[in-house]
Amino acid sequence: MPQLPEGVPVPDDGALPAWVVGSHPTRFGVYVHVPFCSVRCGYCDFNTYTASELGGGASQHSYATTALSEVTLARRVLDDAGLGERPVSTVFFGGGTPTMLPASDLVRILGGVRDAWGLADDAEVTTEANPDSVTPQSLAELRAGGFTRVSFGMQSAVPHVLATLDRTHDPLRIPDVVRWARDAGLDVSLDLIYGTPGETLDDWRASLEAAIATDVDHVSAYALVVEPGTKMGAQVKRGLLPLPDEDDQATKYELADALLAAAGYEWYEVSNWARGGIEGPHACRHNLAYWRGDDWWGVGPGAHSYVAGAHPEHAGVRWWNVKHPRRYAALLEDGRSPGAARELLTHEDGELERVMLQVRLSEGLPLDALTPSARTAVATLVGQGLLDGRAALGADGRDRRALLTLRGRLLADAVVRALT
């Protein structure tokens, strides 16, 4: 499990820097981290815990109440900074497995968010879920309580691949949970992972075809990354599993893009495809808010938050909560912020992050947003087939933009390095 970054202390009352004052034109979102899982997957390095009772006020039973304490603190902090009047545009429950909690608890937390700030009329409210953690009844309860979207961790349709990933659900259950969610009136996304040790190209094709056959609204496909400190990381270190092969993963990405495009899905971010693309109704607006630099508050242990600011030296402030649920609950019970530390972002930091995130989107990054030295790299990147030449020239009738080609998506990190 990765360590939190270093930073400067967060005040006990959670107050934002004095220069983060006044209204921002950006939208405002809320992320809720639910740190519980029934089984810890071998590849996972997220801040999750399998014990059903952690004690110290941090049990699953009391978690909704604890999270609502942070929502109350967040409203006060944002009010004090003059930022408390914006309705929430998106809410995303992640984890962990949020649906390890009863649907009534998730609805109660959402109700606290609604009471604190209000929800925009078209608010997107998503929860992640494992296929074996929902029922038709729980999904209907979520929809009735204000949820609009569910993202299922499918990962693969092939039993031996799921076993290597330590996933416990039956892949034959996927069509059922998609149908249940659809019947409840929820938009549905499926998350897939490619490059698992032992996964063949035919295995990956079968997973893609199974996902497409459900006719979901949105598909995410992520290359497996083996993180140090995970069970899979230890297996690779001992030689029990091979490292994922980059060429194999590139081939599988190209297959995903081809099959998804043929089925009517448009890529809108390097790892995400949706019917209607980036401007359509099914792109994940919460994640788009991250990539476009909107403000958000992260509720829960280990959750990160960000607020932009207006200051000669600083572009905004990012902070993160303590990781362990017991410590998180104890701080809130004591009336203190659960913030572990924060960083004050310089304008250079802000511009770097803007390039890193927005260049991954299908709308591209306006060339005017780049530094003069970075703009000189665009022609080379076009020549290498990494950026779209027509978009760079504005030949498609839009502003001149840095827009990734398919090859550029495979080498997005290299493109970012050249543009920063």
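First, a word on scope: everything that follows refers to the structure included in this document. (Residues numbered from 1 in each chain as written. Predicted model: local features only at pLDDT ≥ 70, side-chain atom pairs only at ≥ 80, totals over all residues. Heavy atoms only, no water.)

### Quick word on the pattern of salt bridges
Two side chains bearing opposite charge may form a pair once their charged atoms approach each other closely. The full count for this structure, using the stated rule, is 18 salt bridges. When the shortest N-O distance is used, the salt bridge between Asp 295 and Arg 86 registers 3.0 Å. One end of the pair, Asp 295, is in strand S9 (residues 295–299); the other, Arg 86, is in the loop between helix H1 (60–80) and strand S2 (88–95), with 209 residues separating them in the sequence. Residue Asp 295 is classed as buried on the basis of its relative accessible area, which comes to 2%. Taking relative accessible area as the criterion, Arg 86 reaches 12% and is therefore assigned buried. When the shortest N-O distance is used, the salt bridge between Asp 217 and Arg 182 registers 3.0 Å. Taken together, the residues Asp 217 in the loop between helix H6 (201–213) and strand S6 (218–223) and Arg 182 in helix H5 (residues 174–184) connect sequence positions 35 residues apart. (Salt bridge = Lys/Arg side-chain N within 4 Å of Asp/Glu carboxyl O. Helix = DSSP H or I, 4+ residues; strand = E, 2+ residues; numbered from the N terminus. Buried < 20%, exposed > 50% of the residue type's maximum accessible area, 1.4 Å probe, protein only.)

### Quick notes on the nonpolar core
Of all hydrophobic cores here, the largest spans 94 residues; its most connected members are Leu 16, Val 30, Trp 117, Leu 139, Phe 152, Trp 297 and Leu 419. Looking at this core element by element, the count peaks at eight residues for H1. Filtering out sequence-adjacent residues up to four positions away, Trp 117 remains in contact with Phe 28, Val 30, Val 71, Ala 74, Arg 75, Leu 78, Gly 84, Arg 86, Pro 87 and Val 88. By size, the runner-up hydrophobic cluster in this structure holds 15 residues, among which are Ala 274, Ile 278, Ala 303 and Leu 361. (Core = buried A, V, L, I, M, F, W, Y, C linked by side-chain atoms within 4.5 Å. Contact = heavy atoms within 4.5 Å.)

### Re the packing of helix H2 (residues 103–117) against helix H3 (residues 136–144)
Where H2 meets H3, the closest approach of the two axes is 9 Å, and the angle between their N-to-C directions is 10°. Classified by the angle their axes make, H2 and H3 are roughly parallel. Of the two elements, H2 crosses H3, and the hand of that crossing is right-handed. Listed contacts from H3 to Ala 103, Ser 104, Leu 106 and Val 107 of H2 are Ser 138, Glu 141 and Leu 142. Looking at the contact of H2 with H3, its residues break down into four nonpolar, two polar and one charged. (Axes fitted to C-alpha atoms, helices over the stretch in contact; angles between N-to-C directions. Parallel < 35°, antiparallel > 145°, perpendicular 65-115°, else oblique. Left-handed = near helix turned anticlockwise from the far one by under 90°. Nonpolar A, V, L, I, M, F, W, Y, C, P; charged D, E, K, R; others polar.)

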